[in-house]
Each structure stands twice: as C-alpha cells, then as structure tokens.
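# Structural overview
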Amino acid sequence: MWLSFGMSINESAAGISPLPLSPLQTHPGIYVVTLEPNQGPMVVLDHPLILRLEAALRAVPKNATGLVLRSGSERVFVAGADLKTIDTWPDGQLLAYLELGARVFAMLTDFPFPTAAAINGAALGGGLELAMHCDGLIAAPSSSGKPYPVGLPEAGLSICPGWGGTNLLPARVEPLDALRRTAEGKAMTYDEAVAANLFDTVAPSSDALLSTAADWVRDRSRSGMRRDGAPSRWIGRADTRPRVLAAVVQARADLPTTESAAAVLKAVEIGLESGWIAALEVERRELTRLRSTPAGKAALRAFFEKNTKK
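This report concerns the structure included in the present document.

The rules behind these values
Residues numbered from 1 in each chain as written. Predicted model: local features only at pLDDT ≥ 70, side-chain atom pairs only at ≥ 80, totals over all residues. Heavy atoms only, no water. Helix = DSSP H or I, 4+ residues; strand = E, 2+ residues; numbered from the N terminus. Rg over C-alpha atoms; globule rule 2.2 N^0.38 Å. Buried < 20%, exposed > 50% of the residue type's maximum accessible area, 1.4 Å probe, protein only. Contact = heavy atoms within 4.5 Å. Areas by Shrake-Rupley, 256 points an atom, 1.4 Å probe, with all protein chains shown as cover. Lys, Arg positive; Asp, Glu negative; His and termini not counted. Charge placed at Lys NZ, Arg CZ, Asp CG, Glu CD. Pairing = 2+ DSSP bridges. 1 Å grid on protein atoms, 1.4 Å probe; cavity = no way out; pocket = protein on both sides within 12 Å on 5 of 7 lines; lining within 4 Å. Points joined across faces, edges and corners; volume = space filled by probe spheres on them. Nonpolar A, V, L, I, M, F, W, Y, C, P; charged D, E, K, R; others polar. Polar contact = N/O pair within 3.5 Å; in protein donor to acceptor, adjacent residues only side chain to side chain. Axes fitted to C-alpha atoms, helices over the stretch in contact; angles between N-to-C directions. Parallel < 35°, antiparallel > 145°, perpendicular 65-115°, else oblique. Left-handed = near helix turned anticlockwise from the far one by under 90°.

It is worth spelling out the overall build of the protein at this point. Check the secondary structure of the protein and you find 12 helices and 12 strands. Taking 19 Å as the expected radius of gyration for a compact globule of 310 residues, we find that the protein reaches 18 Å, a close match to that expectation. A principal-axis box enclosing the C-alpha atoms of the protein has dimensions of 50 × 45 × 40 Å. Expressed as a percentage of its 310 residues, the buried residues of the protein come to 54%. Taking the contacts inside the protein whose residues are at least 6 apart along the sequence as the reference set, 78% of them involve residues at least 24 apart. Total accessible area computed for the protein in this model is approximately 13,000 Å², and 53% of it derives from carbon and sulfur atoms. When the 32 basic and 32 acidic side-chain charges of the protein are each reduced to a single mean position, those positions are 1 Å apart.

Listed below in structure tokens is the structure:
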C-alpha cells in the first residue's frame, strides 16, 4: 500500500524529504532528529518514514559530537512497525522492508559519537527496537501523567520481533524476564520499565527530556566511541553473554509452547552462537513465516477488526 507513489522498496533515501534535523543550541555539536507523526497523532515505522529517517541520518554533519532521536508525538515515541505492511505485503517485499529498517537503524550504531533515544510515550515493537539501537535510552513520564507501555508485543499477535529486539532487550534488563516478556508479547508499563532499569536515565518531566538526553550524550562524547557494526548493548557483549546463556537454559523449560516463543528463543540462540547479523536474519525469516501461519493470520485479522471498531 505504501508503494502507490511510485517508489521501489529498495530505493535509498536520495531525493526523499528527510525528517527534521536540527542542532541543539544549548549543547553545541549535538543534533536532534525528530520522528514526525505519520498516522494521525501516532508515529509508525512505515516504509516512507524509514526512508525519511535514513535521509536525516545521512545529513548529520561530520563534525557532530552526538545525536538525540526524539518523537514529534505527545502520545508515543514510536507505536511500532507498520502492521498493514506485515500483514499484506508479499514475502519478498516484506523481507526487503525489514532489511531496509535494519540497514537504517544500523546507521545509529555506526556513528563515531554517542546516540540516545528520548522516550516520551509508548515505545512498542519496532519503536523500542529503533530506540535500543541507540547507546542510551532516556525516558520521562508522559505529559498526561498516565503510564505508557514499553516492550515487544509481537508474540501477542503470534509473530516475533524483526529488527533485533530478541537480542537487544535481554542486554538491557534481567535476561530471563526479557525472554519471557518477549516470548509472551507482554510489554512493561513505564513504571515497570523504570524499576527494571531499562532506561539509562529518567528525566523529571517530559519538558526536561530533551535536555536530559543531550546531557547524557554530552557526558559520554568526551570518552570517544568504539564501533564494530553491532549495537553497543546486545547479548553478544562479554559483560552480558554469560547471563543470557544462563537465562536461555532456564527459558527452554519455562517459555510458552508457541511458535512465536520458539522463534524468539531461536533468534537468541543464533545471536549467541553466530552473531548479530545472523540473529537479524533469523528474526526476518521467522516473522515472515509466522505472519502466514493460521495463528498469525487470525491474530492480525483480530487486531485490525478491533481497531476498526474503535
């Protein structure tokens, strides 16, 4: 549906209007990319938005010392991937969409300076995966005061993450809890995420979020960055790997006996055995397969029917 304006899924960001990119006057050298709402008040990672993000990231000046990724929505950071794409696109196009997202998100892991996601609202599925490609997760309570959800709910739709979530979340919170939540599709509330130490820093208010994120980036830019093509925090790091290995052993007996849970565990095991890129490939294949199973079709259909009635 998003190809109606004539672009190929494989096109680069050349000629695409980039997302807003601006220098932060209070923090020289630090730039801000704003994810603009594209479905009403929501930010959804559809194909055009990913291309616009790519264009913005390519435009970051070479002399930048840091980057903050924030949302232009007051309700969400990012609501997730485009479920209509996941539901309807042919296998080849869906895989290309997932590969595009992985390539663009990887730009955040290649910058020679710190990056942070400023989370002000719901960060779900692909939205949390995008955020976890950044070095830091900086959060604030919502402007409304109502706790918002944070997590990887894909298994609740009988599918699985597709942009590295299986290998990213267990590196940021207690690994067994991360595996269980991902396999069950159970998100955390904001308060639960704070208690689980998912966030590197918590701002006192939504108004202070951007400056808090910029302070975090500034403080880390002084030490320099070492990059190797994978996110700075994922299960393959030496300080995380032993804890995840132990969690996997216990999870084999504890996780639900569903295809989605099996796909999550498979992606984690492949990540530990064969590396980050191999884990991403497993996620893409499993997501593409699971959305076509009877359980996946039924869950996606029920989701769209429920939202149509709202």
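The next point concerns the environment of Arg75. With respect to the helices, strands and loops of the structure, Arg75 is situated in the loop between strand 4 (66–71) and strand 5 (76–78). For the pair Arg75 and Pro41, spaced 34 residues apart in sequence, the C-alpha separation works out to 7.1 Å. Sequence-distant contacts of Arg75, defined by excluding residues within four places in its chain, comprise Pro41, Met42, Gly121 and Ala122.

Below, the discussion takes up the sheet that holds strand 7 (residues 115–119). Taken in spatial order, the six strands make up an open sheet running 1-2-4-7-9-12, and their pairing is mixed. At either end of the open sheet lies a strand with only one pairing partner, and these are strand 1 (21–23) and strand 12 (201–202). By the bridge criterion, three bridges tie strand 1 to strand 2 (residues 30–35) in an arrangement that is antiparallel. Counterpart to Ser22 in the pairing with strand 2 is Val32.

Reading across the sheet, the four strands line up as 5-8-10-11 and stay open at both edges, with mixed pairing between neighbours. Every other strand in the sheet has two partners, leaving strand 5 and strand 11 (188–189) as the edge strands with one partner each. Relative to strand 11, strand 10 (residues 149–151) runs antiparallel, the two being bridged by two bridges. The partner of Val150 across the bridge, within strand 11, is Met188.

Our next topic: the layout of surface pockets. If you add up the space inside the largest pocket, you get close to 1,000 Å³. Taken together, 40 residues line the largest pocket, and the ones lying closest to its centre are Met42, Ala79, Gly80, Leu124 and Phe303. Those elements that place two or more of their residues in the lining of the largest pocket are strand 6 (80–81), helix 2 (83–88), strand 8 (122–124), helix 4 (126–132) and helix 12 (294–309). Per element, the largest residue contribution to the lining of the largest pocket is four residues, and it comes from helix 12. The class makeup of the residues in the lining of the largest pocket is 21 nonpolar, 11 polar and eight charged. In this structure, the second largest pocket spans a volume of roughly 260 Å³.

Here the focus is the side chain of Ser142. You can see Ser142 is positioned in the loop between strand 9 (136–139) and strand 10. For Ser142, a relative accessible area of 14% gives the class buried. For Ser142, the side chain forms a polar contact with the main-chain oxygen of Lys146, separated by 2.7 Å. Each residue touching Ser142, except ones within four places of it in the same chain, is listed here: Asn120 and Tyr148.

With that out of the way, let us pick up the packing of helix 1 (residues 47–58) against helix 3 (residues 91–110). Geometrically, a packed helix pair is captured by the angle between its two axes and the distance between the axes. Close contact between helix 1 and helix 3 brings their axes to 10 Å; oriented N to C, the two are set at 25°. In terms of orientation, helix 1 lies roughly parallel with respect to helix 3. The handedness of the crossing between helix 1 and helix 3 is left-handed. Of helix 3, the residues touching helix 1 (which contributes His47, Ile50, Leu51, Leu53, Glu54, Leu57 and Arg58) are Tyr97, Leu100, Gly101, Arg103, Val104, Phe105, Met107 and Leu108.

Going through the model one piece at a time under the given rule, you end up with one cavity of 30 Å³ or more. Of the volumes computed, that of the largest cavity is approximately 30 Å³. Taken together, Val150, Gly151, Leu152, Leu169, Arg181, Thr182, Lys186 and Met188 make up the full set of residues lining the largest cavity. Sorting the residues of the lining of the largest cavity by element identifies strand 10 and helix 6 (175–184) as the ones contributing at least two each.

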